[in-house]
Amino acid sequence: RIGEALGPLSPGIHWYSQDGTMVLVGTNLTGDATPYAPFGQDMDLALIPVAGGEPVRVALDRRRWSIEGVVAQDDRALLQPGPTAFRLRGRDKQTGEAVILTADWGTGRVTETWRGRGRFQDIQAAGPNRLVATYEDFRTPANLFTFSGDLANAARLTDVSPEQRRAAAGEAELFDTVIPR
């Protein structure tokens, strides 16, 4: 059996590389995952060669990031910005900011592609070097947007709630506080 050395695998995480040679799996599980909420727990990620061979562990810092999903090409294939890279949608555990991470199984590096106080849902490919996702933040109601491949440029595709968009929005200020025990 391929990937047996990884131990128990998450029941709901199995996305394939675009060429179908690798499968992304969740391993070293903590908590309960279900097929309906596969990232509902902290876990490690690994890529297993479908033809057999040694799994490649993804060097995620679980103390720093929680993972909420993958950036997908379609419902089963990873969107790959490079031949050995794929993207994950997550959250910085210390700041609460959303992050899009790029993991490269060729180099073993995980880097931040995007960081902010917004929220992405269901990021998918929308053609060459274009992404589409539901996005919202403090000043932007949830709408469908298209993004450049590097997430630097966005254009709103829908206007689900025009009354919210027209409403005056002040500046949001965030702060930390310590609660005494």
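Look up a bit, the structure's there.
The paragraphs below set out a description of the structure included in this document. As the structure is a computational prediction, the values presented were derived from the model and not from experiment. (Residues numbered from 1 in each chain as written. Predicted model: local features only at pLDDT ≥ 70, side-chain atom pairs only at ≥ 80, totals over all residues. Heavy atoms only, no water.)

### Describing the packing of aromatic side chains
Then, number 1: Tallying each qualifying case throughout the model produces 8 aromatic pairs.
Then, number 2: Ring centres of Phe86 and Trp105 lie 6.2 Å apart, and the angle between their planes is 35°; on these two criteria the pair is classed as tilted. In this pair, Phe86 sits in strand β6 (residues 85–92) while Trp105 sits in the loop between β7 (98–104) and β8 (110–116), placing the two residues 19 residues apart along the sequence. Residues Phe86 and Trp105 agree in their burial class; the two are buried.
Then, number 3: A ring pair is formed by Trp114 and Tyr135, whose centres lie 6.1 Å apart and whose planes are at 90°; its orientation type is edge-to-face. (Phe/Tyr/Trp six-rings, centres within 6.5 Å; stacked < 30°, edge-to-face > 60°. Helix = DSSP H or I, 4+ residues; strand = E, 2+ residues; numbered from the N terminus. Buried < 20%, exposed > 50% of the residue type's maximum accessible area, 1.4 Å probe, protein only.)

### What to know about the layout of surface pockets
Gaps between atoms show up when a probe of the same size as a water molecule is rolled over them.
Then, number 1: Considered as a void within the structure, the largest pocket measures approximately 190 Å³ in volume.
Then, number 2: Along its surface, the largest pocket is lined by 12 residues, and Trp15, Val70, Ala72, Asp122 and Gln124 are the ones closest to its centre.
Then, number 3: Elements represented by at least two residues in the lining of the largest pocket include exactly β5 (65–70) and β9 (119–125).
Then, number 4: Among the residues making up the lining of the largest pocket, the classes are represented as 5 nonpolar, 2 polar and 5 charged. (1 Å grid on protein atoms, 1.4 Å probe; cavity = no way out; pocket = protein on both sides within 12 Å on 5 of 7 lines; lining within 4 Å. Points joined across faces, edges and corners; volume = space filled by probe spheres on them. Nonpolar A, V, L, I, M, F, W, Y, C, P; charged D, E, K, R; others polar.)

### Digging into the sheet that holds strand β3 (residues 44–49)
Then, number 1: With antiparallel pairing, the 4 strands of this open sheet are ordered in space as β1-β2-β3-β4. This sheet does not close on itself; its edge strands, each paired only once, are β1 (9–16) and β4 (56–58). Each adjacent strand pair in this sheet contributes to an overall mean axis angle of 30°, direction not counted.
Then, number 2: Bridging between β3 and β4 involves 3 bridges; their strand directions are antiparallel. (Pairing = 2+ DSSP bridges. Axes fitted to C-alpha atoms, helices over the stretch in contact; angles between N-to-C directions.)

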